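Reading the structure
Here are the chains, one letter per residue:
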Amino acid sequence: MTSRLMDDGLAILDHLAARVTASALTGLGCGAAFATYKGFPIPKTSLSASLSCALVSTACFSMERVAFCVITRVTEQINKEDDSDSSAINLATPPNVLYASHALGGFFGGGIAGFLFQGHPFAGAFLLTPLMLCAGKMELKLEEYKAERLRHFLQKDNE
């Protein structure tokens, strides 16, 4: 039980770290481009933008993971109460669960970031919710691509 809990926690941490790192690198590049355009000092501006992107993505993606865990636990409880004869294991995340968790993560994480950066939580929530939905769409496309590549490799291996 504790081993499974530890594995789940490490998987969540890995999920967050990958997204925060990508966001921080994006902020680094955007900050360098902005500093070059405006004539600001490049290292200071790019590091500031990178840190801001990392903080915002940490707020949004941690709230997304909390929402994802809550939604999956609730749906597991509903499915346990439902007397369905289907015993097949579905390994893929349903799109509606992914979109719902990203929308909630964008709303609550954006509210936190909006409050911390500007003092207006709804401004951050309204700005970051569509961006998180786009991130969810990209995650779905990446999951489909991985499944297709795995299917292709298995087909190639069987021939």
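See the structure printed just above.
So, here's what we can say about the structure. A quick note: this is a predicted structure, and the numbers were derived from the prediction, not measured. (Residues numbered from 1 in each chain as written. Predicted model: local features only at pLDDT ≥ 70, side-chain atom pairs only at ≥ 80, totals over all residues. Heavy atoms only, no water.)

**Some words on the overall build of the chain**
- Of the regular secondary structure elements, the chain holds four helices and zero strands.
- Walking the chain from its N terminus toward its C terminus, one meets helices and strands in the order α-α-α-α.
- A globule of 159 residues ought to have a C-alpha radius of gyration of about 15 Å, yet the chain, at 19 Å, is considerably larger.
- Overall size of the chain, expressed as C-alpha extent along the three principal axes, is 65 × 45 × 30 Å.
- Taking all 159 residues of the chain together, 27% fall into the buried category.
- Residue pairs in contact within the chain that sit at least 24 positions apart in sequence constitute 67% of those at least 6 positions apart.
- Here the chain displays about 11300 Å² of accessible surface, and carbon together with sulfur accounts for 67% of that area.
- Counting 13 positive and 15 negative side-chain charges, the chain places the averaged centre of each group 12 Å from the other. (Helix = DSSP H or I, 4+ residues; strand = E, 2+ residues; numbered from the N terminus. Rg over C-alpha atoms; globule rule 2.2 N^0.38 Å. Buried < 20%, exposed > 50% of the residue type's maximum accessible area, 1.4 Å probe, protein only. Contact = heavy atoms within 4.5 Å. Areas by Shrake-Rupley, 256 points an atom, 1.4 Å probe, with all protein chains shown as cover. Lys, Arg positive; Asp, Glu negative; His and termini not counted. Charge placed at Lys NZ, Arg CZ, Asp CG, Glu CD.)

**Brief notes about the packing of aromatic side chains**
- One pass over the structure, following the stated rule, counts four aromatic pairs.
- Plain terms: the ring middles of Phe 122 and Phe 126 are 6.2 Å apart, the flat faces sit at 25° to each other, and that makes the pair stacked. Residue Phe 122 and its partner Phe 126 are both found in helix H4 (residues 121-158); the two are separated by four residues, about one turn of the helix.
- The exposure class of Phe 122 is exposed, given its relative accessible area of 53%.
- Owing to a relative accessible area of 59%, Phe 126 belongs among the exposed residues under this scheme.
- Among the aromatic residues, ring-to-ring pairing joins Phe 107, Phe 108, Phe 122 and Phe 126 into one connected group.
- Sitting over the face of the ring of Phe 68, Arg 65 holds its NZ or CZ atom 4.4 Å from the ring centroid. (Phe/Tyr/Trp six-rings, centres within 6.5 Å; stacked < 30°, edge-to-face > 60°. Lys NZ or Arg CZ within 6 Å of the ring centre and 35° of its normal.)

**Some remarks on the nonpolar core**
- Residues Leu 16, Val 56, Cys 60, Phe 61, Ala 113, Leu 128, Met 132 and Ala 135 constitute the largest nonpolar core, which totals eight residues.
- Secondary structure elements with two or more residues in this core: helix H2 (42-81) and H4.
- Dropping the residues within four chain positions of it, Met 132 is found in contact with Cys 60, Phe 61, Glu 64, His 102 and Gly 106. (Core = buried A, V, L, I, M, F, W, Y, C linked by side-chain atoms within 4.5 Å.)

**Quick notes on H4**
- Here H4 is 38 residues long and its end C-alpha atoms lie 54 Å apart, about the 56 Å a rise of 1.5 Å per residue gives.
- Maximal helix bending in H4 amounts to about 30°, located at Leu 128; proline Pro 130 follows within four positions.
- Considered for burial, the residues of H4 that qualify are Gly 124, Ala 125, Leu 128, Thr 129, Met 132, Ala 135, Gly 136, Glu 139 and Leu 140.
- Elements in contact with the buried residues of H4: helix H1 (2-38), H2 and helix H3 (95-117). (Expected span 1.5 Å × (residues − 1). Bend = angle between axes of the 7 residues up to and from the residue.)

**A short note on the environment of Gly 27**
- Along the polypeptide, Gly 27 turns up in helix H1.
- In this structure Gly 27 comes out as buried when scored by relative accessible area, which is 1%.
- Ignoring any residue separated from it by four or fewer positions in sequence, one finds Gly 27 in contact with Ser 46, Ala 49, Ser 50 and Cys 53.

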